[in-house]
Amino acid sequence: MVTDGPPKRSRVETAPPEHTQPEHLPPGSASSGTGGTEPGPDAERHRLAEADAGQRDWRAWGPYLSERAWGTVREDYSEHGTAWDYFPHDHARSRAYRWSEDGMAGVCDERQRFCFALALWNGADPILKERMFGLGGDGGNHGEDVKEYWWYEDSTPTHSYMRWRYHYPQAAFPYAELVSVNARRGRDDTEYELVDTGLFDDDRYWAVTVEYAKAAPTDMCLRITVANRGDRAARLHVLPTLWFRNTWAWGLPGAHRVPEITADGARLVGAHHTLGQVVLTGAGTPTPLVCDNDSNTVRLWGLPGRTRFPKDGINDHVVDGAATVNPAGRGTKGALHYIVDVPARGQTEIRLRLTGADPGSTVPPADLGADFEAVLARRQAEADAYFADLIPAAASADEALVARQAVAGLMWGKQFYHFDVARWLAGDPGAVPPPAGRRQGRNSAWPHMNSCDVISMPDPWEYPWYAAWDLGFHCVALARVDPGFAKDQLLLLLRDWYLHPNGQIPAYEWAFGDVNPPVHAWAALKVFAIDGGRDHAFLARVMQKLLLNFTWWVNRKDTGGNNVFEGGFLGLDNVGPFDRSAALPVAGVLEQSDATGWMAMYALNLLDMAIVLAEHEHTYVDLVTKFFEHFAYIAAAAYSQGLWDDDDGFFHDVLRLPDGSQIPLRVRSVVGLVPLAAATRLTSHTLHRLPELAARLRWFLTGRPEYATVIGTRRLGADGRQQRLLSMVGPQQLVQVLSRMLDPAEFLSDYGLRTMSRAHLARPFSVVLGGRVFTVGYEPAESQAGVFGGNSNWRGPIWMPTNYLLIDALRTYADFYGDDLLVEYPTRSGNKHTLHEVADDLSERLIALFARDWWGRRPIYGASELFQRHPDWRDRIAFPEYFHGDNGAGLGAWHQTGWTALVADLIIGLRSQGTGRD
């Protein structure tokens, strides 16, 4: 059978025996329906164990439907890669997607054969609200930006209970105003947001809450609560929508079969040849409306199409009264149309049940009464118990709220990702061939890529595609709630259909060949430890593939063969005076402190992996010594090749010219802090158990004394035995760098570490290259430069991933130096602290971004009184992309979670130590 994607890959089953469960469950257990046992944290863990063991696939259905498929690379068949223009928001309601689907509060199966989402209409908008609206990369003064307000309020790891919230204006949505006003604003102006239009000033909006509760893996109870927050009675059209992803219109061999949705009273009955039956049943007497998930070719291109009832048929029928829904009640997209009249400050509820059955089976009638109520109540109680057990009692109630919503964002950020690059490059048989230049354009070197998986995305709207280094940080937070999924994710990007044959890990869909920092090994070690440190099979599989990737780095990003590395922008966008990913302004090579630091860290991560694995298989000892030596070479080269600046006490990039001369780029930024992350301890136990490593270390210290700075530091540990520190910085360099990093006039803010020293506010760095002046200064908020579209800023804001990484590194140094090393914190305060105390306080500062302060305000919400004071808004937490370097206000992709969910890990980790807030 030919399908539109690769065969479904089996889940990676690497869980230790402790995680397995009995094949048959007793009546009343968490997985047998509503049961009779008291709700507890073990109910959700039991479901996870069943899923990991392959007994019941509780992850089969989930919130895997993206919130934006328009404007993506996958849907872009233009000549010059103008994704935002080729498939704009205006096309989304009328044009069938090729690779994925989108919607609000949506769910789908793991292969996205069926989709379910919510549509709304306030009676004033020109179109149904079927998807979130925002500006493309060329539409706002700070790049792409969503213009709506919604929150992921809850989700257990198996999605047995989920809750989503949206605030929808009752007046006409100002699509044109948002576009035109932002188009007039420049980079010195703030972005014009929906809240700035005044639509929420008088509380005339709908608060729409969607809850899901699973009675079984493919049986979901849904409750939609529609609350009228205004002072007048109002009407809202609510359209729960079921459809099949279009796999039939592209002319692919064997993929011509069209599934069908049939209206049956208050039910929509879907039949799919591989999925089976999926049925949406609604309470009451909604009107079923059915059309086809095919493009409206007449509207889009003035051409006849394959159906009289295209994708926007329900939209046109509800909004304009057009005869664009099939009177026979058959098609591939259907909605149950509810019209609800809600009194002022009142609310109403809609009950639905979404149920599936295997091919050849029939879905039984849905219970929307007592069983429905019992399932919802029980799953919510189990979710409460699960999170109460997960989040330490030392956490405040507000911190527990933040952590739980951070986890919810991670769970709702899991998206079905489908992209066959070879097919995309060549085009489909049933479509117009793509431009010839496509075969030499974007991602043309990645024809082996064939994705058809659920992946943790940075953001379902702004970044509805994976990013390799972001995913590593996601997995650290994911491991707290679903270590099986976290391990699967790390292994996924190393599989043959992702990892390039040359060993490169794909970066992200805008350019798979870009270079992301190599954090995969670090993330795998963190996930391994959080999961209990028992799954050696997982660690071995990761290491085998990372050996290829490490070799790729050595062969491709060390052009001089001198153990200092390049790499381009490395995810840091505009951190330097010029674009590090573009051609240099003059002939030469940019040798980067961050690239070299990342590679030193990478070598130590693989060293640590090999040490763990050598406990079970001694042949790994050869890799232990290999990565020990490789680290020594890289770390020492940072000094011999001029990356370390003695006068400044900091690491800098160096521009090496063809005549051998060097131009140091003395910018104090996160580039110079990354080398701190290259550190690990070797205990006497390890050296005794691995005599080959001990012998190699002694040989280096005797025969290569120039490496003593990076491998020679030793002291007695807490157990009274000798231990050694391998690090890019010795004690003197560590204190020097920390004096900068912990200085409020430089990197230290009230809410974490800035990405650039604040000293560059008054003293920007400038360099003359090729007759041109290049300058970089401290910018605490959105970027004032157009580099990378201006929608990302590493010139001052606080970023969660780098903060987390540096805190993690501080704990490694703290474990080594103990109380013997005290540093002034903050710099020039006169107060001395241990490194563990510094790490704890930095964690507190990051947590304080989200938590209410003494005045009841959350720094992330800045000066917005609506978000700070209004009881309907203030406890719904956004997890922004990054934060203002001085006041902590949320910036960038404002609602997204992704890596920012690391705050949940910080809360859990810090409060597990018994430290609570005053």
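Residues numbered from 1 in each chain as written. Predicted model: local features only at pLDDT ≥ 70, side-chain atom pairs only at ≥ 80, totals over all residues. Heavy atoms only, no water.

Draft legend 1. Quick peek at the sheet that holds strand β6 (residues 149-155). If you trace the 9 strands from one edge of the open sheet to the other, you get β6-β7-β8-β9-β17-β13-β12-β11-β15, paired in antiparallel fashion. Since the sheet does not close on itself, it has two edges, and those belong to β6 and β15 (330-331), each with one partner. As paired strands, strand β11 (residues 260-264) and strand β12 (residues 267-272) are joined by 5 bridges and run antiparallel to one another. Note that in β12 the partner of Thr262 across the bridge is Val269. Lying over the sheet, helix α7 (residues 370-390) contacts β6, β7 (161-169), β8 (205-216), β9 (219-228) and β17 (347-357), oriented at roughly 90 degrees with respect to β8. Strands β6, β7 and β8 of the sheet are contacted by helix α8 (residues 397-412), whose axis makes an angle of about 100 degrees with β6. (Pairing = 2+ DSSP bridges. Helix = DSSP H or I, 4+ residues; strand = E, 2+ residues; numbered from the N terminus. Contact = heavy atoms within 4.5 Å. Axes fitted to C-alpha atoms, helices over the stretch in contact; angles between N-to-C directions.)

Draft legend 2. Broad picture of the state of the cysteines. Counted by the stated rule, this structure contains 0 disulfides. Residue Cys475 stays outside any disulfide, its sulfur separated by 19 Å from that of Cys452, the closest cysteine. (Disulfide = S-S within 2.5 Å.)

Draft legend 3. Local environment of the sheet that holds strand β27 (residues 722-727). Pairing is antiparallel across the open sheet formed by 3 strands, whose spatial order is β25-β27-β26. Two strands bound the open sheet, and with one partner strand each, they are β25 (679-683) and β26 (713-716). Within this sheet the neighbouring strands show an average axis-to-axis angle of 25 degrees, counted without direction. As paired elements, β25 and β27 share 5 bridges and run antiparallel to each other. Across the sheet, residue Ala679 finds its bridge partner in β27, namely Ser727. Sheet contacts for helix α14 (residues 593-614): β25 and β27; angle to β25, the most-contacted strand, approximately 30 degrees.

Draft legend 4. Representation of the packing of helix α11 (residues 483-492) against helix α12 (residues 520-530) within the structure. Closest axis-to-axis distance for the α11/α12 pair is 10 Å, and the angle between their directions is 160 degrees. In terms of orientation, α11 lies roughly antiparallel with respect to α12. Here α11 and α12 pass one another in a crossing that is left-handed. Contact residues: Pro483, Ala486, Lys487 and Leu490 in α11; His520, Ala523, Ala524 and Val527 in α12. (Parallel < 35°, antiparallel > 145°, perpendicular 65-115°, else oblique. Left-handed = near helix turned anticlockwise from the far one by under 90°.)

Draft legend 5. Examining unusual backbone geometry more closely. For the bond from Tyr825 to Pro826, the omega torsion is -10 degrees, close enough to zero to count as cis. Summarising the element assignment, Pro826 is placed in the loop between β32 (822-824) and β33 (832-834). Positive phi outside glycine occurs at Gln112, with the angle close to 50 degrees. Within the secondary structure layout, Gln112 lies in the loop between β2 (104-109) and β3 (114-121). The phi angle at Asn443 is positive, at roughly 60 degrees, despite the residue not being glycine. For Asn443, the location among the structural elements is in the loop between α9 (421-426) and β19 (450-456).

Draft legend 6. Examining the packing of aromatic side chains more closely. Following the criterion strictly, the structure yields 61 aromatic pairs and no others. A ring pair is formed by Phe550 and Tyr602, whose centres lie 5.3 Å apart and whose planes are at 75 degrees; its orientation type is edge-to-face. Of the two residues, Phe550 sits in helix α13 (residues 536-556) while Tyr602 sits in helix α14, which places them 52 residues apart along the sequence. Taken together through their ring pairs, the aromatic side chains of Tyr463, Trp465, Trp469, Phe473, Tyr508, Trp522, Trp598, Trp794, Trp799, Tyr804, Tyr882 and Trp899 make up a single cluster. Cation over ring: Arg95 sits above Phe87, and NZ or CZ is 4.2 Å from the ring centre. The ring of Phe627 has Lys626 sitting right over it, with the charged end atom 5.2 Å from the ring centre. (Phe/Tyr/Trp six-rings, centres within 6.5 Å; stacked < 30°, edge-to-face > 60°. Lys NZ or Arg CZ within 6 Å of the ring centre and 35° of its normal.)

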